[in-house]
Amino acid sequence: MSITFTPPVAEPKRDRWGRPLIVPEGGGKPIPYVRVSTLAKVLDSKEALMAWKQRMTAIGLGKRPDLAQRAAITDPADKRALKEIVEAAMAAAESDKAANIGTTLHTLTEQFDKGTLEHIPAEHIGAMTAYEEATKGLQMKAAELFVVNDELQAAGTFDRIAVLPDGRAVIADLKTGQSEPDYPHGVTTQCAIYAHSWLYDVETEQRTHRLADLGVSTDTGLLIHLPAGKDTCTLYLLDLSVGYALAKTAVAVRGIYKAKPITPYTP
């Protein structure tokens, strides 16, 4: 493996929707590529997410009677006002707490793998101890490198390239959600897209190396599950053949949804 911990020195140019603007393979004007994280979620069921939002809103309204009273007298057609109430209720329920902890854990683990970690907040010592124990047999070769997948017109930044004890170099993704192993298709899709991608220099807007040519497996990925607040860390191998098939299906679904299948009927 010739790549190391060398993060991109700049962010890619983006359009107004946050999509990275990528110069096509043959050159020309940059075009928007879908974010890898977005494409990986296309086929996800939104049922669990909606149920979670409903629970957080209910908890928040319980903590903020003023919001419940405001909601009771708000016109159902006033979507902006109701959106503000829901957002305030979710904030009262601390719905972003786990996400904030997750961001902190991502930063701490990256610093740990780079050998630059100087301080661990007391509340995260248990999690970091679990992470160190679970990953002690791995060699972390790279982190946070920007890549493009021209076949899918997707781009994004992967978490790690890890070398397993048997010598395989794999894309590794750190997840801090509670139920990631129960719903593995999204992370498997994400890792598969990255594994089939090229490193992309955002300053020169040039593709440099195909990850597969650098020895990164397109067959196997790795989920590093470090759930926020649990002080546990578990590793799971991912079948990237399933993930890449899902990625191609997601692209097809996005394309189909751009078609307009309805027209007014005139007898």
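Residues numbered from 1 in each chain as written. Predicted model: local features only at pLDDT ≥ 70, side-chain atom pairs only at ≥ 80, totals over all residues. Heavy atoms only, no water.

Asker: In this structure, what is going on with the environment of D96? I would like to understand it.
Answerer: Residue placement: D96 occurs in the loop between α4 (79–92) and α5 (97–114). The class of D96 is partly exposed, set by a relative accessible area of 43%. (Helix = DSSP H or I, 4+ residues; strand = E, 2+ residues; numbered from the N terminus. Buried < 20%, exposed > 50% of the residue type's maximum accessible area, 1.4 Å probe, protein only.)

Asker: Explain the packing of helix α3 (residues 65–73) against α4 here, please?
Answerer: If you want to describe how two helices pack, look at the angle between their axes and the distance between the axes. Contact pair α3 / α4: the axes reach a minimum separation of 10 Å and the direction vectors enclose 160°. Comparing the axis directions of α3 and α4 gives the class roughly antiparallel. Of the two elements, α3 crosses α4, and the hand of that crossing is left-handed. In contact with L67, R70 and A71 of α3, α4 contributes A81, E84, I85, A88 and A89. Classifying every residue of the contact of α3 with α4 gives six nonpolar, no polar and two charged. (Axes fitted to C-alpha atoms, helices over the stretch in contact; angles between N-to-C directions. Parallel < 35°, antiparallel > 145°, perpendicular 65-115°, else oblique. Left-handed = near helix turned anticlockwise from the far one by under 90°. Contact = heavy atoms within 4.5 Å. Nonpolar A, V, L, I, M, F, W, Y, C, P; charged D, E, K, R; others polar.)

Asker: Sorry, what's going on with the pattern of salt bridges here?
Answerer: Pairing between side chains of opposite charge can happen when the charged atoms of each approach one another. For the structure shown, the criterion picks out 14 salt bridges. As a salt-bridge pair, E205 and K13 come within 3.7 Å of each other at their nearest N and O atoms. Taken together, the residues span a long stretch of sequence, with E205 in the loop between β7 (198–201) and β8 (206–210) and K13 in the segment before β1 (21–22) at a distance of 192 residues. The class for E205 is buried, based on a relative accessible area of 18%. By relative accessible area, K13 is classed as exposed at 54%. (Salt bridge = Lys/Arg side-chain N within 4 Å of Asp/Glu carboxyl O.)

Asker: Before we go on, may I ask you to explain the pairing of strand β5 (residues 154–163) in this structure?
Answerer: With nine of 10 residues buried, β5 is to be regarded as a mostly interior element. Where strand β4 (residues 139–149) meets β5, nine bridges bridge the pair, whose relative direction is antiparallel. Each residue of the ladder has a partner; that of A143, found in β5, is R160. Inspection of the sheet shows β5 paired to strand β6 (residues 169–175) by four bridges, in the antiparallel sense. What sits directly across from A162, in β6, is V170. (Pairing = 2+ DSSP bridges.)

Asker: Would you take a moment to explain the packing of aromatic side chains for this structure?
Answerer: Where two aromatic rings form a pair, the distance of their centres and the angle of their planes describe that pair. Summed over all chains, the structure comprises three aromatic pairs. Here F112 and Y131 contribute two aromatic rings whose centre-to-centre distance is 6.0 Å and whose plane-to-plane angle is 80°, an arrangement assigned as edge-to-face. Of this pair, F112 sits in helix α5 while Y131 sits in helix α6 (residues 125–134), and the two are 19 residues apart along the sequence. Taking relative accessible area as the criterion, F112 reaches 29% and is therefore assigned partly exposed. Overall, Y131 belongs to the buried group, its relative accessible area being 1%. (Phe/Tyr/Trp six-rings, centres within 6.5 Å; stacked < 30°, edge-to-face > 60°.)

Asker: Got a minute to help me understand the packing of helix α2 (residues 47–63) against α4 in this structure?
Answerer: The contact between α2 and α4 brings their axes to 7 Å, and the two run at 80°. The angle between the axes of α2 and α4 places the two elements in the roughly perpendicular class. Where α2 approaches α4, its residues W52, K53, M56, T57, G60, L61 and K63 are matched on the opposing element by I85, V86, A89, M90 and A92. Classifying every residue of the contact of α2 with α4 by side-chain character gives eight nonpolar, two polar and two charged.

Asker: What should I look at first to understand the nonpolar core in this one?
Answerer: The nonpolar side chains of soluble globular proteins are, as a tendency, buried together. F158, I161, I171 and L211 are the most contacted members of the largest nonpolar core, which totals 29 residues. Secondary structure elements with two or more residues in this core: α1 (36–40), β4, β5, β6, α7 (185–195), β9 (216–225) and α8 (240–257). It is α7 that contributes the most residues to this core, six residues altogether. When sequence neighbours within four positions are dropped, the list of residues in contact with I171 reads F158, R160, I161, C191, Y194, A195, L211, V216, T220, G221 and L222. Of all hydrophobic cores here, the second largest spans 17 residues; its members include L108, L222, I224 and C233. (Core = buried A, V, L, I, M, F, W, Y, C linked by side-chain atoms within 4.5 Å.)

Asker: Please clarify how unusual backbone geometry should be interpreted in this entry.
Answerer: Among all residues except glycine, the phi angle is most often negative; among peptide bonds, the trans geometry is most common. Of note, the phi angle at E205 is positive, near 55°, even though the residue is not glycine. At D231, a position not held by glycine, the phi torsion is positive, near 55°. By secondary structure assignment, the location of D231 is in the loop between β9 and β10 (234–239).

Asker: Just to check I follow, could you spell out the confidence of the model for the protein for this structure?
Answerer: The predicted coordinates of low-pLDDT regions are not to be read in fine detail. A residue-level look at the protein finds 97% of positions with pLDDT of 70 or above and a mean pLDDT of 91. Taking the mean pLDDT of every element in the protein, the minimum, 86, falls on α2 and the maximum, 98, on β10. (pLDDT = per-residue confidence, 0-100.)

Asker: Sorry, what's going on with α2 here?
Answerer: Every α-helical turn comprises 3.6 residues, leaving residues that sit three or four positions apart pointing alike. Over its 17 residues, α2 runs 25 Å from end to end, which matches the ideal 24 Å to within 8%, given 1.5 Å per residue. Those residues of α2 lying buried are M56, T57 and G60. All buried residues of α2 project into a common sector of 105° when viewed along the axis, lining one side. The exposed set on the far side of α2, more than 90 degrees from its buried face, consists of E47, Q54 and G62. Against α4 lie the buried residues of α2. (Expected span 1.5 Å × (residues − 1). Arc of directions from axis to C-beta.)

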